Amino acid sequence: MDIPVYLFAGFLDGGKTTFINGILRDGFAIQDRTLLLCCEEGEAEYDPRVLKNVTVVNVEEEGELTPAYLKQLEKKHRPKQVLIEFNGMWSLARLYQEALPDNWVLYQIMTMVEAGTFDTYAKNLGQIMMEKLTNADMIVFNRCDEALRASLRQRNLKMVNRRASIYLENLDGTSEDYADDTVCPFDLEQDVIEIPDEDFGIWYVDVMEHPERYDGKTVHARTVVCHLPQYPEDTILGRFAMTCCENDITFLGLVAKGDGFGAFENRAWADVTGVVRIEAHRAYEGEDGPVLYAGAVGPAEKPKQEVLTF
């Protein structure tokens, strides 16, 4: 039986224990037996009131984390899910490449960062810090004031990890989304903005919500070519995406113009480089939207993952 693993990464005093207390207090472990591996002891402690269905095991050394040891814990405690408060100085790659048993499935990585110490850690422990950010599904910067929020947004961390949800936790306990009108997930200063296969959905959402960012910019992507009878003079380029489940697959498409698309069958894959222009089009119900003027079009192989996920 697969056991979901939820990993909490970040450096000492980044807020990992407080976050874990919060989700346990909200009922995360009410019904299912939970194993909590504590690999780092900070100032905060686990709230005993939320540990009724949780077994806490302290792990002192990184080398203790082996498949054999973790299987012993599984046999002894029979958890339905595992939480790991990870030591900030240990390697994430070693954990999920060598330490986790085959049936321990890493469901989510959440990285907690103390906003005031982020610059220091980034400068002195850059590679270790970047590993925690680039692998995360969610990143929370704690104890932010106005100056720290502005500084973090200026660094544009969405370009470090475009897929992660990033939140700024304020001093008064409120939080806000890192992404706002000032933050773009792509480097707009490139001569050609490369859209990786796995990030096409992120680019699509951004170009649809903020088309002005890309007006006049050259982009390069691998896309599906669609010929729709309602737009015979143009082509629709995009990708199929699963937004919820296998029964909820939709096509994320934008209008494209160019002479080379006629040679492609419907739903063929193409390698496209072109300039984005903002224009009104029937596909956008008469509103302004992105239109890709293709300068170079060629056939492309299917990517390993044809359908995007969010």
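Before any of the text, the structure's been laid out above.
Residues numbered from 1 in each chain as written. Predicted model: local features only at pLDDT ≥ 70, side-chain atom pairs only at ≥ 80, totals over all residues. Heavy atoms only, no water.

Some remarks on the overall build of the protein
When helices and strands are tallied, the protein shows eight helices and 15 strands. The C-alpha extent of the protein, read off along each of the three principal axes, is 65 × 45 × 30 Å. Residues counted as buried form 45% of the 310 residues belonging to the protein. With an accessible surface of roughly 16,200 Å², the protein has 46% of that area assigned to carbon and sulfur atoms. Computing the positive centroid from 30 side-chain charges and the negative centroid from 53, the protein places the two 6 Å apart. (Helix = DSSP H or I, 4+ residues; strand = E, 2+ residues; numbered from the N terminus. Buried < 20%, exposed > 50% of the residue type's maximum accessible area, 1.4 Å probe, protein only. Areas by Shrake-Rupley, 256 points an atom, 1.4 Å probe, with all protein chains shown as cover. Lys, Arg positive; Asp, Glu negative; His and termini not counted. Charge placed at Lys NZ, Arg CZ, Asp CG, Glu CD.)

Some remarks on helix α2 (residues 67-77)
Listed in full, the buried residues belonging to α2 are L70, L73, E74 and H77. All buried residues of α2 lie within an arc of 100° about the axis, which places them on one face of the element. Exposed residues pointing more than 90 degrees away from the buried face of α2 are listed as A68, Q72, K75 and K76. Buried positions along α2 lie against β1 (3-9), β2 (34-38), β3 (54-58), α3 (92-99) and β5 (104-114). (Arc of directions from axis to C-beta. Contact = heavy atoms within 4.5 Å.)

Section: the pairing of strand β13 (residues 268-280)
Sheet topology note: the strand β10 (residues 218-226)/β13 ladder contains eight bridges and is antiparallel. Following the sheet pairing, T223 is matched in β13 by A270. (Pairing = 2+ DSSP bridges.)

Brief notes about the layout of surface pockets
Size it by volume and the second largest pocket reaches roughly 300 Å³. Elements with a minimum of two residues in the lining of the second largest pocket: α1 (16-25), β6 (138-144) and β7 (165-170). Taken together, the residues that form the lining of the second largest pocket break down as six nonpolar, eight polar and two charged. (1 Å grid on protein atoms, 1.4 Å probe; cavity = no way out; pocket = protein on both sides within 12 Å on 5 of 7 lines; lining within 4 Å. Points joined across faces, edges and corners; volume = space filled by probe spheres on them. Nonpolar A, V, L, I, M, F, W, Y, C, P; charged D, E, K, R; others polar.)

Side note on the pattern of salt bridges
Oppositely charged side chains are able to pair whenever their charged atoms sit close together. Using the criterion set out here, one finds 17 salt bridges in the structure. Where R94 meets E98, a salt bridge forms, and the shortest distance between an N and an O atom there is 4.0 Å. In this pair, R94 and E98 both sit in helix α3, four residues apart, roughly one turn of the helix. Connected via shared salt-bridge partners are R149, R153, E176 and D180. (Salt bridge = Lys/Arg side-chain N within 4 Å of Asp/Glu carboxyl O.)

Remarks on the sheet that holds strand β4 (residues 81-85)
Read across the sheet, eight strands follow the order β3-β2-β4-β1-β5-β6-β7-β8 without closing on themselves; strand pairing throughout is mixed. Of all strands in the sheet, those bounded by a partner on one side alone are β3 and β8 (175-177). Going across the sheet, the axis of each strand differs from the next one's by a mean of 20°, ignoring polarity. Sheet topology note: the β7/β8 ladder contains three bridges and is antiparallel. Bridge pairing in β8 links L168 to E176. Where α3 meets the sheet, its contacts fall on β1, β4 and β5, and the angle it forms with β1 comes to roughly 165°. (Axes fitted to C-alpha atoms, helices over the stretch in contact; angles between N-to-C directions.)

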